[in-house]
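The lines below spell out each chain.
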Amino acid sequence: MTAYLVGAGPGDRGLLTLRAAELIAQADVILYDRLIPADALSGARDDAELVFVGKQGGGEQVPQEATNELLLRHAATGRTVVRLKGGDPFVFGRGGEEALVLREAGIPFEVVPGITAGIAATAYAGIPVTQRNVASAVAFVTGHENPDKPETQLDWPALAAFPGTLVFYMGVRALPRISAQLTAGGLSPQTPVAIVERGTMPGQRTTLATLETVAERAAERGVKAPAVTLVGDVAGLAEQLEWLEARPLHGVRIAVTRARAQASPMAARLRALGAEVVEAPAIRTRALDAELPFLAGHDLIVVSSPNGVHELFALLERSGRDARALGGHRIAAIGPGTARALREHGIVADVVPARAVAEGLVEALEDVPLSRVLVVRALEGRDVLPDALRARGCEVTILALYETIAEPLDPDTLAAAAGADWITFTSASTVRFLAEAAGGALPAGPRLASIGPATSAALREHGREPDLEAEPHTPDGLIDALVNAG
Ligand code: SAH
């Protein structure tokens, strides 16, 4: 029987400690606050009891006594109880009070520190809270004093005289008072101030000002909690050291509709560029039963997608063959991703058209003498290439190894995609199946990004003009186009 007082960090899931993740995964009961990372609970057991004890909407906070009581009640049953808090449990987290309650009840506890907003939001804004020759001390201060008490509990003259950086938590509404008191205490009105809202999260926003201007600037910009306010010369360093908000896709919400298995690398690249990614896989592929055709008679084998490569090798394996079955054949790959997938099997494609579409391959093969061609592709693949080859008198065999089908999307995912700034489409099937999932029409709000002409044509069939079309027609081309679109 142990209760754990656990810090979940400031918002970015990556700033949750290993120990916190381990305990979340073990817990029978998790009592959690509002300001924990959005997906912090995704690692909890399916049968864990998750109890929200934070502030409901803009409403009332669950009273501390009720939380204490819940903590004791659950811990007394002998179950593993995790009390999960934003940031660090002992920094303005009332973790100390909860620890005292546990001690009094004789319940053993463990404290797992978390990364507190005062160093995390500031670091993500490019502000070191201490800096050689600039600030050799830092103070964490609450900006939220008990409004019932007329007397301030803070020693404002001492804070004004503090030889270092001041970081105020919970101080958005108190900004006018903070600046007035510090100025009255003798701090220069020109002292740099930074307010970091939603620190470490996709919507992070930093407002730079001075003690004199900060209240007005904050009102102009509609600054809202959660935010930390940093007062001190180090705030000026943000201009040089800003990194998160300087990313090209910072603050841009982008939905990715491609199959889950392929979405991750694209999502990771988008996130690294600062985007907030909504993974809304509208499609998945299903392998089809197929017989391995007699390969020797073909003078070219075309593979049209990485998944085609994957399924081709699965088929070879099922047929008791291996890569040697492709030995001596001329092989063409549509798209660099397909060529890469072949290389992973030790095969370097002979032809990779510059344009990653069937039309590009038709052009690339213009001067290549061919008589029998095998095309490995999806069941629903386009007939551009087979038609063009047949028109040249080629015999074309189509080996359909998989089909693309709808991936069911839950209403929350659909709503998140509909609320994005962009939806990316990486094939005609992503267009078709997203529209189907959304009830027939594509969401009206977001701008639409298409990977290439076939996908754009599918968008037009659904009555929409793509807002951008990637060039080259690859996932990387699509990402570059999004960056350029700003
Ligand atoms: N225990 C928490 C603080 C809880 S008090 C910690 O250690 O971080 C709540 C206050 O923390 C908010 O009003 C705000 O001032 C600050 N805060 C929490 N998360 C924040 C975030 N992501 N960005 C900026 N400030 C944050």
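Thresholds applied
Residues numbered from 1 in each chain as written. Predicted model: local features only at pLDDT ≥ 70, side-chain atom pairs only at ≥ 80, totals over all residues. Heavy atoms only, no water. Near = heavy atom within 4 Å. Polar contact = N/O pair within 3.5 Å; in protein donor to acceptor, adjacent residues only side chain to side chain. Areas by Shrake-Rupley, 256 points an atom, 1.4 Å probe, with all protein chains shown as cover. Helix = DSSP H or I, 4+ residues; strand = E, 2+ residues; numbered from the N terminus. Axes fitted to C-alpha atoms, helices over the stretch in contact; angles between N-to-C directions. Parallel < 35°, antiparallel > 145°, perpendicular 65-115°, else oblique. Left-handed = near helix turned anticlockwise from the far one by under 90°. Contact = heavy atoms within 4.5 Å. Expected span 1.5 Å × (residues − 1). Buried < 20%, exposed > 50% of the residue type's maximum accessible area, 1.4 Å probe, protein only.

Draft legend 1. Representation of the site of the ligand within the structure. Not every one of the 19 residues close to the ligand is listed here, only the nearest: V91, T116, M170, G199 and A227. Interatomic distance of 3.0 Å between a backbone N/O atom of G86 and a nitrogen atom of the ligand. One nitrogen or oxygen atom from the side chain of T116 is found 2.6 Å from an oxygen atom belonging to the ligand. Expressed as a share of its isolated accessible area of 540 Å², the protein-covered part of the ligand is 91%. Only α4 (117–124) and β10 (227–231) provide two or more residues apiece to the shell around the ligand.

Draft legend 2. Structural context of the packing of helix α6 (residues 175–184) against helix α7 (residues 214–221). Their axes nearest at 8 Å, the elements α6 and α7 cross at an angle of 165 degrees. By the criterion of interaxial angle, the relationship of α6 to α7 is roughly antiparallel. Judged by the twist between their axes, the crossing of α6 over α7 is right-handed. On the side of α6, the interface is formed by L175, P176 and S179, while α7 contributes V214, A215 and A218.

Draft legend 3. Here's a closer look at helix α9 (residues 260–272). In this model, α9 (13 residues) spans 18 Å end to end at C-alpha, consistent with the 18 Å of a helix rising 1.5 Å per residue. For α9, the full list of buried residues reads A263, M266, A267 and L270. Lining the buried residues of α9 we find β11 (253–256), β12 (276–279), β18 (422–425) and α17 (475–485). Of the residues one or two after α9, G274 is the one with positive phi, at around 105 degrees.

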